[in-house]
Amino acid sequence: MRATLVSAAILGLASQAASIDPLVIKGSKWFNSKTGAQFFVKGIDYQPDITSTSAVRDPLADTAGCTRDLPFLKDLGVNAIRVYQTEPFGNHDKCMSMLADAGIYVMLDLSTPTETINRDTPSYDVDLLGYYQRKVDTFSKYDNVFAFLAGNEVTNAYNNTGASAYVKAALRDVKSYIKSKHLTIPVGYATNDDADIRWQLQTYFDCGSISDRADFYGINLYEWCGPTATFESSGYADVVKNFTSWDVPVLLTEYGCNAIKPRTFPEIAAIYGSNMTSSFSGGFVYEYVEEPNDQRIYWNQDCRL
Ligand SMILES: *[C@@H]1O[C@H](CO)[C@@H](O)[C@H](O)[C@H]1NC(C)=O
Ligand SMILES: *[C@@H]1O[C@H](CO)[C@@H](O)[C@H](O)[C@H]1NC(C)=O
Ligand SMILES: *[C@@H]1O[C@H](CO)[C@@H](O)[C@H](O)[C@H]1NC(C)=O
């Protein structure tokens, strides 16, 4: 009798934990599919355990790590995390349901340092697509996975723009796979902010038929440095202007200059203020853990963060 009550209670908890309203893209905005409320990403980039020597660093398969970090994520008040490196194996149930229970959505990069398109020697094949497909299979069952990224800063200079053609092919094929599974999770791209090529990349990932192009666009933006910078002087105004009336959602997949300390993040007032909310869907501050470079991760040549 007691055992039955206990298991009923556990089942009750489990189904409660799994209930988070999926998000949906309509036009250039994200919405809660149940309430219809517009969704702005109040996010943080989350990739702890970067010093591990293990080849696999999947924080969403690390129940102890999620349990340790969840109170801090809740305290920060974030409603989303972006996770760079995960694997299609391992058990993600506990972490994903803890996050869902806290109302936290997850954006996932499909690539890893070893399963990726290399900007200097780009190639793309069925093995890489298979890896991306397995990742979709693994994570699409969670209602709080609201987006996949088909690449991160793969092209980062005028002389490696060719690599983006491979990324776009992968993006197209993952979209097609998701559609074949009757799923609706969007696939986007996270770009760097290189003045020589940012406009070209923005339009490249948005051109072609709907099945070929990015469902949303992420920018890693580090322009707003220090307390005296403004929306105009930082360069934010110019970036935002080029996304006026853009046809898909746009967000900051990383932000937070660290050239001037302490970091006070004045750009947050702009990101969630009227200058940006009509065209941008919020963003992810970089990042949850502090690393030797004070800000950013470079775990190997293939992973462009
Ligand atoms: C691309 O240009 C950069 C400097 O702008 C240079 O360091 C790099 O070697 C070049 N890469 C190739 C593949 O030419
Ligand atoms: C904005 O778009 C124009 C082309 O219309 C481009 O020349 C310019 O570099 C872009 N600026 C930014 C900040 O992306
Ligand atoms: C919004 O833009 C205006 C005009 O550039 C600027 O004066 C204002 O400071 C900006 N608001 C924020 C919160 O950055």
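What counts and how
Each chain carries its own residue numbering, running from 1 in the written order of its sequence. Chain letters and ligand numbers both follow the written order, the letters beginning at A and the numbers at 1. Reporting of local features is limited, given that this is a predicted model, to residues whose pLDDT is at least 70; pairs of side-chain atoms are given and counted only at 80 or more, and all residues count toward the totals for whole chains, interfaces and linings. As a rule here, side-chain values cover all heavy atoms of the structure and leave hydrogens and water aside. Any cysteine sulfur atom paired with another within 2.5 Å is treated as part of a disulfide. Runs of E in the DSSP output that reach at least two residues are strands. Runs of H or I that reach at least four are helices, and both are numbered from the N terminus. Note on classification: 1.4 Å probe, protein chains only; a residue is buried when its accessible area is under 20% of the maximum for its type, exposed when over 50%, partly exposed between these limits. For two strands to be treated as a pair, DSSP must find no fewer than two bridges joining them. Distances are taken per atom, and a residue is near a molecule or strand as soon as one of its heavy atoms is within 4 Å of it. Residues adjacent in sequence count toward polar contacts only when both atoms are side-chain atoms; beyond that, a polar contact is any pair of N or O atoms within 3.5 Å, and within protein one must be able to donate a hydrogen and the other to accept it. Each accessible area is a Shrake-Rupley result for a 1.4 Å probe, and residues are judged covered by the shown protein chains and nothing else. Under the scheme applied here, ten amino acids are nonpolar (Ala, Val, Leu, Ile, Met, Phe, Trp, Tyr, Cys and Pro), four are charged (Asp, Glu, Lys and Arg), and all others, including Gly, are polar. In these notes, a set of buried Ala, Val, Leu, Ile, Met, Phe, Trp, Tyr and Cys residues joined through side-chain atoms within 4.5 Å is what counts as a nonpolar core. Working rule for contacts: check all heavy atoms of both residues, and any pair within 4.5 Å makes them a contact.

## Let's talk about the state of the cysteines
- Applying the stated rule across the entire model yields two disulfides.
- Disulfide pairing is shown between Cys66 and Cys95; the S-S distance is 2.0 Å. Negative torsions about the S-S bond denote left-handed disulfides, and the value of about 105° found for Cys66 with Cys95 makes this one right-handed. Of this pair, Cys66 sits in helix H2 (residues 63-76) while Cys95 sits in helix H3 (residues 93-101), and the two are 29 residues apart along the sequence. Each of the two residues, Cys66 as well as Cys95, counts as buried.
- Two residues, Cys225 and Cys257, share a disulfide whose sulfurs are 2.0 Å apart. Given an S-S torsion of about 100°, the disulfide between Cys225 and Cys257 has right-handed geometry. One end of the pair, Cys225, is in the loop between strand E9 (217-221) and helix H7 (236-241); the other, Cys257, is in the loop between strand E10 (250-255) and helix H8 (267-271), and 32 residues separate them in sequence.
- Overall, the relative accessible area of 24% leaves Cys225 in the partly exposed class.
- Cysteines bonded in the protein are numbered consecutively along the chain; their disulfide partners then correspond to 1-2, 3-4.

## Here's the deal with the sheet that holds strand E1 (residues 23-26)
- Overall, antiparallel pairing links the three strands, which are arranged E1-E2-E3 in an open sheet. Of all the strands in the sheet, just E1 and strand E3 (38-39) have a single pairing partner and so form its edges.
- In this sheet, E3 lies alongside strand E2 (residues 29-32) in antiparallel orientation, the contact comprising two bridges. Bridge pairing in E3 links Phe31 to Gln38.

## Side note on the environment of Gly162
- Following the sequence through the fold, Gly162 ends up in the loop between strand E7 (145-152) and helix H5 (163-180).
- Residue Gly162 is classed as partly exposed on the basis of its relative accessible area of 44%.
- Gly162 sits 41 residues away from Thr121 along the chain, and the two C-alpha atoms are 9.8 Å apart.

## Details of the site of ligand 2
- Close to ligand 2 lie Arg198, Trp199, Asp238, Val239 and Asn242, which account for all nearby residues.
- Between an oxygen atom of ligand 2 and a side-chain N or O atom of Asn242, the distance comes to 2.3 Å.
- Against a free-state accessible area of 370 Å², the protein chains account for coverage of 59% of ligand 2.
- Where the shell around ligand 2 is concerned, the elements lending two or more residues are helix H6 (198-204) and H7.
- Taken together, the residues of the shell around ligand 2 sort by class into two nonpolar, one polar and two charged.

## Digging into the nonpolar core
- Membership of the largest hydrophobic core comes to 66 residues, with the highest contact counts inside it found for Ile81 and Phe148.
- For this core, the leading source of residues is H5, giving seven residues.
- Those residues in contact with Ile81, other than ones at most four positions away along the chain, are Ile44, Tyr46, Leu60, Leu73, Leu99, Ile104, Tyr105, Val106, Met107 and Phe284.
- Core analysis: the next-biggest nonpolar cluster, separate from the first, contains 16 residues, Ile20, Ala100, Phe146 and Phe216 among them.

Honestly, that's just the spatial picture; any functional story needs more than this.
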